[in-house]
Amino acid sequence: MFRARHANPDKPIVNDIKEEMNVRDSSRQILDHIVAGKKAWVRKDIRREDWSFKLTPECLSELRAILPQLCREKKPPEQIDADRLALPATRVFMKQVQSALDDGVRFAVVDRLPMDELTDDEAQMLYWVLSSCVARPVHQKLTGGLIYKVHDTGRKAAPGSGVRPDQTNMDQFFHNDNSYNTTPPEYVALLCVRPAKSGGVSHVISFYTVNNALLRAHEQVISRLYRPFWFDRQKENPANESDVMSAPMFSYDGRLRARLGLFQIKGGYTLKHERMDEEAVAAIDALKNVFEDESLTFDFVMERGQIQFVNNRELCHRRTQFEDFDEPHNKRLLVRLWLRNAGSTRYQG
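Residues numbered from 1 in each chain as written. Predicted model: local features only at pLDDT ≥ 70, side-chain atom pairs only at ≥ 80, totals over all residues. Heavy atoms only, no water.

Undergrad: Quick question: what am I supposed to make of the sheet that holds strand β10 (residues 202-206) here?
TA: Strand-to-strand pairing in sheets goes through backbone hydrogen bonds, with the strands running parallel or antiparallel. The sheet built from 3 strands is open, its strands ordered β15-β10-β17 with antiparallel pairing. At either end of the open sheet lies a strand with only one pairing partner, and these are β15 (298-300) and β17 (315-319). For this sheet, the mean inter-axis angle between neighbouring strands, taken without regard to orientation, is 20°. Direction of pairing for β10 relative to β15: antiparallel, over a ladder of 3 bridges. (Pairing = 2+ DSSP bridges. Helix = DSSP H or I, 4+ residues; strand = E, 2+ residues; numbered from the N terminus. Axes fitted to C-alpha atoms, helices over the stretch in contact; angles between N-to-C directions.)

Right under this line is the structure:
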C-alpha cells in the first residue's frame, strides 16, 4: 500500500483559474516513498510484450467486416457509435491494451492498421472505433474538434502565441497533453498516417519512475511540485477568463497524477510578469536532471499504421525534432484523439 503525508498548505491565489485541488489544501497528499512494479519501470525492465500489441487476425477480420457499413452510412468518424458495432474479439484485444495503460507500463502501441488497403478517411474510422474501446473521445480545442491533425504548420511557438509545440517540428520537452486545462484527457491516442523523413522519435517515462528518482536524489524539491505553478493556457480559454491558470504539477490520491508542461509553465510566468520562486526553479531543474537519465526512459519510432496510446496523467512523453519531406503528400502526419470518460465531451469537461 502507498503511504502518504500531507503537504504544507499554501495561500490560495485569487482571480485566476485554479483547480478544486488547489483550494482544498488540507487534503493534499504527497507520495513520499519508493514504489515498485510495472508502473515504476526503468528501461532495462521493459519487455516488448509489455507495450506492443499486434492486431490479431480475428480483430482485423472484424474491422474489415464493419468498414463497408461505415462507408455506406457516410458518417464522419466523430459520429460513429462504436458501442453498436459487433466487435467481440476487438473489444477483448483492446481491454488488454487498456490494462497496460491502467495497470502496466502506462503506454501501448497497437500494430497496426492495414494502411495500404485503406483510404486515410477509412483508417480514421477504424482508429476512432479502436480508441473508443478505451474511452470516450473529447474535444481538443475550446472551439470544438474531436480529431486533431498533428503536423508541422511552419508556425513558431512562443509564450502567449497560442501555437502549440505539436504544430511545429521543434524538439519537445517531456510533457503530458493539455496540462494547462482544468480537465486534461485521461488517455492520448496517436495514429501514424505518415512518419517523418527522419527524427520524430517518441520517448516516454513513468511519473512513478520520476518520483522514485526525485526521492533518491532530490527529495527536497518534491513538496514544491504539489503546490501551484502558473500555466499559459495557450489561448484556449473563454474571453472572460484569465490567459493563465494555477495548478500543481503533481497530485496524489492513491494514484500519482501529473500536469507536466514546462513550456506552458515558462509561458505562464512570462504572461504573469512574475519571476519563478527559487523552490520552483530548483524543482524544475531536478525534473530536467531526471529526464536526462536515459536509463529511466524508453524510446521507439512510430511506423505507418501504428497507434500509440498513453496514460496521459501517469506517464509523460515527448518526441524529438524531425526533418520532413519536401512533397506535401509525403509530409509527417499523425492523427490525435484525446480520451476521457470523466465530465462532458467539451474541452473544459
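Undergrad: I tried to follow helix α3 (residues 57-73) on my own but got confused; where do I start?
TA: Side chains that are three or four residues apart share a direction in an α-helix, a result of its 3.6 residues per turn. Helix length check: α3 (17 residues) gives 25 Å between terminal C-alpha atoms against 24 Å at 1.5 Å per residue, within 8%. Within α3, the axis deviates most sharply at leucine 67, by approximately 30°, and proline proline 68 lies no more than four positions further along. Along α3, the positions that sit buried rather than exposed are Cys59, Leu60, Glu62, Leu63, Ile66, Leu67 and Leu70. Residues of α3 that are buried sit in contact with α4 (88-103) and α5 (120-132). Of the residues trailing α3, lysine 74 is marked for its positive phi of about 55°. (Expected span 1.5 Å × (residues − 1). Bend = angle between axes of the 7 residues up to and from the residue. Buried < 20%, exposed > 50% of the residue type's maximum accessible area, 1.4 Å probe, protein only. Contact = heavy atoms within 4.5 Å.)

Undergrad: Any chance you could explain unusual backbone geometry here in plain terms?
TA: In the segment running from aspartate 111 into arginine 112, the intervening peptide bond is cis, with an omega of -20°. Locating arginine 112 in the fold gives a position in the loop between β5 (107-111) and α5. In this structure, glutamine 234 is a non-glycine residue whose phi angle is positive, near 60°. Along the chain, glutamine 234 turns up in the loop between β11 (228-232) and β12 (244-248). Note on glutamine 234: relative accessible area 1%, which makes it buried. At lysine 235, a position not held by glycine, the phi torsion is positive, near 65°. Relative to the helices and strands, lysine 235 resides in the loop between β11 and β12.

Undergrad: Whenever I open this one, empty space enclosed by the protein confuses me. Can you help?
TA: Where empty space is left in the structure can be found by rolling a water-sized probe over the atoms. Counted by the stated rule, this structure contains 1 cavity of 30 Å³ or more. If you add up the space inside the largest cavity, you get close to 40 Å³. In terms of lining residues, the largest cavity is bounded by Leu60, Leu63, Arg64, Leu67, Pro114, Glu117, Leu118 and Leu126. Sort the elements by how many residues they give to the lining of the largest cavity and α3 lands first, with 4 residues. Across the lining of the largest cavity, the residue classes break down as 6 nonpolar, no polar and 2 charged. (1 Å grid on protein atoms, 1.4 Å probe; cavity = no way out; pocket = protein on both sides within 12 Å on 5 of 7 lines; lining within 4 Å. Points joined across faces, edges and corners; volume = space filled by probe spheres on them. Nonpolar A, V, L, I, M, F, W, Y, C, P; charged D, E, K, R; others polar.)

Undergrad: What's the story with the environment of leucine 315 in this structure? I'm lost.
TA: In this fold, leucine 315 is placed in strand β17. Linking leucine 315 and leucine 101, residues 214 residues apart in sequence, is a C-alpha distance of 9.2 Å. What leucine 315 contacts, discounting residues up to four positions off in sequence, is Trp41, Val105, Arg106, Phe107, Asn176, Val204, Ile205, Ser206, Phe207 and Val310.

Undergrad: Can you help me understand the layout of surface pockets in this one?
TA: Taken as a whole, the second largest pocket spans an internal volume of roughly 520 Å³. Considering the residues around the second largest pocket, the lining is formed by 37 residues, among which Asp166, Gln172, His175, His317 and Arg319 are closest to the centre. For the lining of the second largest pocket, the elements supplying multiple residues, two or more each, are β8 (187-194), α8 (262-272), β17 and β19 (333-339).

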